[in-house]
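Report on the structure
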Amino acid sequence: MSGVVPTAPEQPAGEMENQTKPPDPRPDAPPEYSSHFVPGPPGTAVPPHTGYPGGLPMAYYSPQQPGTFPSYQPIGGTHPVCYQPGKYPVPNQPVPVTWMPGPTPMANCPPGLEYLVQLDNIHVLQHFEPLEMMTHFETNNRYDIKNNSDQMVYIVTEDTDDFTRNAYRTLRPFVLRVTDCMGREIMTMQRPFRCTCCCFCCPSARQELEVQCPPGVTLGFVAEHWNLCRAVYSIQNEKKENVMRVRGPCSTYGCGSDSVFEVKSLDGVSNIGSIIRKWNGLLSAMADADHFDIHFPLDLDVKMKAMIFGACFLIDFMYFERSPPQPSR
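So, here is what we can say about the structure in this document. Note that the structure is a prediction, hence the values are computed from the model and not measured. (Residues numbered from 1 in each chain as written. Predicted model: local features only at pLDDT ≥ 70, side-chain atom pairs only at ≥ 80, totals over all residues. Heavy atoms only, no water.)

**Quick look at helix α6 (residues 302–320)**
Quick note on the threshold: Strands are runs of DSSP state E lasting at least two residues, helices are runs of H or I lasting at least four, and both sets are numbered from the N terminus onward. What a helix is expected to span follows from its residue count: subtract one and scale by 1.5 Å. Between buried and exposed lies partly exposed: a residue is buried under 20% and exposed over 50% of the maximum accessible area for its type, with that area taken using a 1.4 Å probe on protein chains only.
Here α6 spans 26 Å end to end across 19 residues, near enough to the 27 Å set by a 1.5 Å rise per residue. Of all 19 residues in α6, 16 are buried, a share of seventy percent or more.

**Overview of the pairing of strand β11 (residues 271–278)**
Going by this rule: At least two bridges found by DSSP between two strands is the condition for calling them paired.
Bridge analysis of strand β10 (residues 259–264) against β11 gives six bridges, and the strand direction is antiparallel. Bridge pairing in β11 places F261 opposite I275. What sits between the antiparallel neighbours β10 and β11 is a turn of six residues, in which G268 has the positive phi angle 80°. Relative to strand β12 (residues 291–295), β11 is paired through five bridges, and the arrangement is antiparallel. Bridge pairing in β12 links S274 to H295.

**Notes on the packing of aromatic side chains**
For clarity, the cut-off: Stacked, edge-to-face and tilted labels apply to pairs of Phe, Tyr and Trp rings (six-membered ring for Trp) whose centres lie within 6.5 Å, assigned for plane angles under 30 degrees, over 60, and everything in between, in that order.
By the definition in use, this model includes nine aromatic pairs. Plain terms: the ring middles of F261 and Y319 are 6.4 Å apart, the flat faces sit at 40° to each other, and that makes the pair tilted. Residue F261 is found in strand β10, and its partner Y319 is found in helix α6; the two are separated by 58 residues along the sequence. Through pairs of rings, three or more aromatic residues link up here, namely Y115, Y143, Y154, F309 and F313.

**Considering the environment of M307**
Counting through the fold element by element, M307 comes out in helix α6. On the accessibility criterion, M307 (0% relative accessible area) is buried. Each C-alpha atom of the pair M307 and N237 lies 8.7 Å from the other, and the pair is 70 residues apart in sequence.

**A few points about the environment of F193**
Note the following rule: Residue contacts follow a heavy-atom distance rule, with two residues in contact if any of their heavy atoms lie within 4.5 Å.
Here F193 lies in the loop between β5 (185–191) and β6 (208–212). Those residues in contact with F193 that lie beyond four places of it in its chain are Y168, L171 and P173.

**Thoughts on a nonpolar patch on the surface**
To keep it simple, the criterion reads: Residues with no salt bridge and a relative accessible area higher than 30% make up the patches, which join like charges within 9 Å and nonpolar side chains (Val, Leu, Ile, Met, Phe, Trp, Tyr) within 5 Å. Using a 1.4 Å probe, the Shrake-Rupley method yields the accessible areas, and only the shown protein chains count as cover for residues. By definition, a salt bridge exists where a carboxyl oxygen of Asp or Glu is found within 4 Å of a side-chain nitrogen of Lys or Arg.
Taken together, the side chains of F128, L131, M133 and M134 define a hydrophobic patch exposed on the protein surface, amounting to about 410 Å² of accessible area. The topology assignment puts F128 in the loop between β1 (121–126) and α3 (130–135). Using a relative accessible area of 37% as the deciding quantity, one classes F128 as partly exposed.

**Brief notes about the pattern of salt bridges**
Counting across every chain of the model gives eleven salt bridges. In this structure, R165 engages D162 in a salt bridge whose closest nitrogen and oxygen atoms are separated by 2.3 Å. Of this pair, R165 and D162 both sit in helix α4 (residues 162–168), three residues apart, which is roughly one turn of that helix. A residue is classified by how much of its surface remains accessible, and R165, at 3% relative accessible area, is buried. The exposure class assigned to D162 is partly exposed, which follows from its relative accessible area of 44%. Taking the shortest distance from any N to any O, the salt bridge between E208 and K240 comes out at 3.4 Å. Of this pair, E208 sits in strand β6 while K240 sits in the loop between β8 (232–236) and β9 (242–247), and the two are 32 residues apart along the sequence. According to the relative accessible area criterion, K240 is partly exposed, its value standing at 46%.

**Some points on the nonpolar core**
Just so we agree on the cut-off: In these notes, a set of buried Ala, Val, Leu, Ile, Met, Phe, Trp, Tyr and Cys residues joined through side-chain atoms within 4.5 Å is what counts as a nonpolar core.
Membership of the largest hydrophobic core comes to 48 residues, with the highest contact counts inside it found for L113, I145, I275 and F309. Looking at this core, the element that brings in the most residues is α6, giving 13 residues. With near-sequence residues (within four places) excluded, L113 lies in contact with Y154, I186, M187, C213, V302 and A306.

**Some remarks on the sheet that holds strand β7 (residues 218–225)**
The strands making up a sheet are joined through hydrogen bonds of the backbone, oriented either antiparallel or parallel. To keep it simple, the criterion reads: Axis geometry follows a simple rule: fit a line to the C-alpha atoms, using only the stretch in contact for helices, then measure angles between N-to-C directions, giving values from 0 to 180 degrees.
In spatial order, the strands read β1-β2-β3-β4-β5-β6-β7-β8-β9-β10-β11-β12; together these twelve strands close into a barrel with antiparallel pairing. The mean inter-strand angle of the sheet, taken between neighbouring strand axes irrespective of direction, is 20°. Sheet topology places β1 next to strand β2 (residues 142–146); four bridges connect them, and they run antiparallel. Paired with H123 across the bridge in β2 is K146.

**Focus on the environment of N242**
Note the following rule: What qualifies as a polar contact is a pair of N or O atoms within 3.5 Å, subject to a donor-acceptor requirement within protein and to the restriction that residues adjacent in sequence count only when both atoms come from side chains.
Its place among the elements puts N242 in strand β9. Every residue in contact with N242, bar those within four places of it in the chain, is listed here: S234, I235, Q236 and L266. Within polar-contact distance, the side chain of N242 engages the side chain of S234 at 3.5 Å. Engagement of the side chain of N242 in a polar contact is seen with the side chain of Q236, the distance being 3.1 Å.

**Here's the deal with unusual backbone geometry**
In this chain, C213 is followed by P214 through a cis amide linkage whose omega measures -5°. Among the structural elements, P214 can be located in the loop between β6 and β7. With phi around 60°, D150 is a residue other than glycine that occupies positive phi space. Turning to its location among the elements, D150 is positioned in the loop between β2 and β3 (152–158).

Spatial relationships are all this shows, so hold off on functional conclusions.
In structure tokens:
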């Protein structure tokens, strides 16, 4: 009996598993309790707030669902993005252009020139073409004609082929077409090619511009006169009879200041109007983005107003048109 080792009494298998299992960390189920909440009668549904389609706006909780949070709605979904007028431009939408109200037809006035009857001052704004500076490729010039109220009066576009523009540059012959708010061509201006290889005092080398209004009917001419010191032009009628003179400054470069071209009578005593090339700082010195102010009397003959208007473009091409620099070879 002394060699027998006493052992513990055997236990059932179920009791052994209970001893090896760790205690359950989860709390016991809460005791049952009786609620004192008594549901009331169903009420009427609250309609969505006006101005917010589909419910309340973002960051507001619904009173019908306490304790819930609104889901995130990304921008660009069903709700359109609205901009405050005058603050942010709507993307992919062109800027509206305000045109001068169209006048009624007038007797003894070429069609389309009724606008000039009401004006004594117009602005000629050339479009800036950044591609010309980057590619050195001469493109057609474009101009906006506006009044003092910044309303569009005309649009002037050049109609010249690519070879002529890039071969002759500032000496190129051109055709300018003037259109109104309806897109009708009411005026055409043409400059023929004049050779400058011969003596500059030769009549065949002097520049000339023909103004037609309506297109195909000659209204007059703007002819260059030779002068040693300054730019001089004569404004002529359809019979090439001198009517007025344009006298420019001694220096037409206008670096740092405006260049004024005075419109005078034939005897040079009366001052009729002026064509002023405005200085726009660095933009005027490096790019083709000219700005002209044209002044004339309100009661001046509308045909003479159109001729002064045409003289502005001949002056621009002769003195202020800058060709893109050519790449060095």
